[in-house]
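One-letter residues, chain by chain:
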Amino acid sequence: MNALRLLLVACLSVALACVSERTGPSLNPGVGNCQVPLAVIDSGHVVVAINNFTFVQDTIVVPQGATVTWINCEPDETEPHTTTSDTAGVWGSPDLTTGARFSHTFGAAGEFPYHCEPHPFMMGKVVVQ
Ligand code: CO
């Protein structure tokens, strides 16, 4: 139980490390084989994986000024996804194919819900504190 709690805390506070560890099938099979580029790891971005038509994690809490990077971790040949702010003009990625990524920096505090343009049932939220 303690180990599980530690892992959860690690995932919440260092989303990036969590995603990068998901290359191992036993750690978190729900996220698939997502390869996080070293450049992204080094940049300190908060990473949201896109896998199985879901944003993982679907709600993240980040400090003001944080940059969030979404990475499409779907298997090859899966339909592309987007990350698109529910509020027009705040941010909107192009179609992201497998392995593609998109970043946005959140300067102001607030709650920023978003979705995937081709799949409106895919929803997430960035909470900036
Ligand atoms: Co989608």
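What you are looking at is a predicted structure, and each value in this text was computed from that prediction instead of being measured.

Engineer: Is there a simple way to explain the overall build of the protein chain in this structure?
Structural biologist: Looking only at helices and strands, the protein chain features three helices and eight strands. Each helix (α) and strand (β) of the protein chain, taken in turn from the N terminus, gives the series α-α-α-β-β-β-β-β-β-β-β. The buried share among the 129 residues of the protein chain stands at 40%. Look at the contacts in the protein chain between residues 6 or more apart in sequence, and 52% of them connect residues 24 or more apart.

Engineer: How should I be thinking about the packing of aromatic side chains in this particular structure?
Structural biologist: For the coordinates displayed, the defined rule picks out seven aromatic pairs. Between W91 and F106, the aromatic rings sit 5.1 Å apart at their centres with planes inclined by 80 degrees, giving edge-to-face as the arrangement. Taken as a pair, W91 in the loop between strand 5 (84-85) and strand 6 (101-105) and F106 in the loop between strand 6 and strand 7 (110-115) lie far apart in primary sequence, 15 residues in all. The burial state of W91 is the same as that of F106; both residues are buried. Aromatic ring contacts, followed pair by pair, group F55, W70, W91, F106, F112 and Y114 into a single cluster.

Engineer: So what exactly am I meant to see when it comes to the coordination of the cobalt ion here?
Structural biologist: In a perfect tetrahedron of four donors around a metal, the angles come out at 109.5 degrees. In a perfect octahedron of six, they are 90 or 180 degrees. The protein atoms that coordinate the cobalt ion are H81 (ND1), C116 (SG), H119 (ND1) and M122 (SD), at distances of 1.9 to 2.5 Å. All donors of the cobalt ion belong to a single chain; written as a sequence motif, their spacing is H-x34-C-x2-H-x2-M. Here H81, found in the loop between strand 4 (67-72) and strand 5, pairs with M122, found in the loop between strand 7 and strand 8 (123-128); they are 41 residues apart in sequence, far enough to count as distant. Look at M122 and you get buried, because its relative accessible area is 1%.

Engineer: Is there a simple way to explain the sheet that holds strand 7 in this structure?
Structural biologist: As a general point, the strands of a sheet are linked pairwise by backbone hydrogen bonds and lie either parallel or antiparallel. If you trace the four strands from one edge of the open sheet to the other, you get 3-8-7-5, paired in mixed fashion. One side of each edge strand has no neighbouring strand; the edge strands of this open sheet are strand 3 (59-62) and strand 5. In this structure, strand 5 lies alongside strand 7, joined through two bridges in antiparallel fashion. Bridge pairing in strand 7 places S85 opposite Y114.

Engineer: Would you explain the nonpolar core in this entry?
Structural biologist: Within soluble globular proteins, side chains that are nonpolar tend to cluster in buried spots. F55, V62, V68, W70, F106 and V126 are the most contacted members of the largest nonpolar core, which totals 19 residues. Sorting elements by how many residues they give to this core places strand 1 (residues 46-51) first, with three residues. Beyond its immediate sequence surroundings of up to four residues, F55 is in contact with V48, A49, I50, W70, T82, T83, Y114, H115, C116, M122, M123 and G124.

Engineer: Would you explain the pairing of strand 7 in this entry?
Structural biologist: Along any regular strand, the residues point their side chains to alternate faces of the sheet. Pairing of strand 7 with strand 8, which is carried by six bridges, proceeds in the antiparallel orientation. Bridging from a neighbouring strand, Y114 pairs with G124 of strand 8.

Engineer: Mind showing me how you'd approach the pairing of strand 6 here?
Structural biologist: Only one face of strand 6 is covered, namely the one carrying F102 and H104; the face carrying R101, S103 and T105 has none of its residues buried. Pairing between strand 4 and strand 6: five bridges, direction antiparallel. Paired with I71 across the strands is R101, a residue of strand 6.

Engineer: So what exactly am I meant to see when it comes to the sheet that holds strand 2 (residues 54-56) here?
Structural biologist: Strands sit in the order 2-1-4-6 across an open sheet of four strands; the sheet is mixed. Two strands in the sheet have a free side with no partner beyond their single neighbour: strand 2 and strand 6. When the angles between neighbouring strand axes are averaged without regard to direction, this sheet yields 20 degrees.

Each value, and the rule that gives it
Residues numbered from 1 in each chain as written. Predicted model: local features only at pLDDT ≥ 70, side-chain atom pairs only at ≥ 80, totals over all residues. Heavy atoms only, no water. Helix = DSSP H or I, 4+ residues; strand = E, 2+ residues; numbered from the N terminus. Buried < 20%, exposed > 50% of the residue type's maximum accessible area, 1.4 Å probe, protein only. Contact = heavy atoms within 4.5 Å. Phe/Tyr/Trp six-rings, centres within 6.5 Å; stacked < 30°, edge-to-face > 60°. Donors = N, O, S within 2.8 Å, 3.2 Å for Na, K, Ca; no water. Pairing = 2+ DSSP bridges. Core = buried A, V, L, I, M, F, W, Y, C linked by side-chain atoms within 4.5 Å. Axes fitted to C-alpha atoms, helices over the stretch in contact; angles between N-to-C directions.

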